[in-house]
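# Secondary and tertiary structure notes
Chain by chain, the residues:
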Amino acid sequence: MNVIATEVPFTLPIGYRDADGALHKDGVMRLATAGDEILPLKDHRVQSNPAYLTIIVLSRVIVRLGTLDMINTKVIEDLFAKDFAYLQELYDRINKAKDEAK
């Protein structure tokens with residue numbers, strides 16, 4: 001029986017600095033569900049700016065970032081561009097790995 005890893009640890013290249021000045025670099029991203037990709041399409045922010053889809057999806061699939069209590073769209077918006085790009089690439093890699101294995 002094959003066990004599928006549904007969560008992947010990561011370390012951001014720069015890190016997210018919270019309002020108290022604490023730096024958060026280590027986190028965990030889970031595999032996306034169909035709902036993670038479909039439900040945000042109804043969000044008014046995505047309807048007015050399709051690029052916002054990635055921000056909402058990442059806020060749904062990142063289950064931990066440092067000691068933050070919650071990962072929301074504001075956290076993703078406040079990431080440095082290098083960290084945002086890193087998370088986009090990680091998302092693509094872990095969610096498309098199944099397709100590439102065929």
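The structure this text deals with has already been given above.
What you see is a predicted model; the values in this text were computed from it and never measured. (Residues numbered from 1 in each chain as written. Predicted model: local features only at pLDDT ≥ 70, side-chain atom pairs only at ≥ 80, totals over all residues. Heavy atoms only, no water.)

## Some words on the overall build of the protein
To keep it simple, the criterion reads: Strands are runs of DSSP state E lasting at least two residues, helices are runs of H or I lasting at least four, and both sets are numbered from the N terminus onward. The globule rule used for comparison is 2.2 Å times the number of residues to the exponent 0.38, while the radius of gyration itself is calculated over C-alpha atoms. The buried label goes to any residue with under 20% of its type's maximum accessible area, the exposed label to any with over 50%, and the partly exposed label to all in between, with areas taken from a 1.4 Å probe on protein chains only. We call two residues contacting when some pair of their heavy atoms lies within 4.5 Å. What sets the accessible areas is the Shrake-Rupley method with a 1.4 Å probe; for residues, cover comes only from the shown protein chains. For this count, His and the chain ends are skipped, Lys and Arg are scored as positive, and Asp and Glu as negative. Throughout, a charge is located at the NZ atom of Lys, the CZ atom of Arg, the CG atom of Asp or the CD atom of Glu.
A count of helical and extended segments in the protein gives five helices and three strands. In the protein, the succession of α and β elements from N to C terminus is β-β-α-α-α-β-α-α. In summary, the protein has a C-alpha radius of gyration of 14 Å against a globular reference of 13 Å for 102 residues, a match within 12%. If you line up the protein on its principal axes, its C-alpha atoms span 45 × 35 × 25 Å. Relative to its 102 residues, the protein shows a buried fraction of 31%. Restricting to contacts in the protein with at least 6 residues of sequence separation, those with at least 24 account for 55%. Counting only carbon and sulfur atoms, one obtains 56% of the accessible surface of the protein, whose full area is about 6700 Å². Both charge centroids of the protein, one from 13 positive and one from 15 negative side chains, sit 3 Å from each other.

## A word on the pairing of strand β1 (residues 7-17)
Put simply, the rule is: One bridge is not enough; two strands pair if DSSP finds at least two bridges between them.
Where β1 lies against strand β2 (residues 23-30), seven bridges are found, and the strand directions are antiparallel. Bridge assignment links E7 to a residue of β2, and that residue is R30. The hairpin formed by β1 and β2 contains five residues between the paired strands, and G21 there has a positive phi angle of roughly 90°.

## Some points on the pattern of salt bridges
Heads up, the rule is: For this analysis, a salt bridge means a side-chain nitrogen from Lys or Arg found within 4 Å of a carboxyl oxygen belonging to Asp or Glu.
Counted according to the given criterion, the structure contains five salt bridges. As a salt-bridge pair, R30 and D36 come within 2.6 Å of each other at their nearest N and O atoms. By relative accessible area, D36 is classed as buried at 1%. A salt bridge links R60 to D36; the shortest N-O distance between them is 2.9 Å. With R60 in helix α3 (residues 52-61) and D36 in helix α1 (residues 34-38), the pair connects residues that are 24 residues apart, well separated along the chain.

## Some thoughts on the environment of A51
Within the element layout of this structure, A51 appears in the loop between α2 (44-48) and α3. Each C-alpha atom of the pair A51 and E77 lies 12 Å from the other, and the pair is 26 residues apart in sequence.

## Quick notes on the sheet that holds β1
Quick reminder of the rule: To obtain an axis, a line is fitted to C-alpha atoms, over the contacting stretch when the element is a helix, and the angle between two such axes runs from 0 to 180 degrees between their N-to-C directions.
Strand order in this open sheet of three strands is β1-β2-β3, and the pairing throughout is antiparallel. Only two strands of the sheet have a single partner each, and these edge strands are β1 and β3 (62-65). Each strand axis lies, on average, 25° off the axis of its neighbour in the sheet, ignoring direction. Bridge count for β2 against β3 is three bridges, and the pairing is antiparallel. The partner of M29 across the bridge, within β3, is I62.

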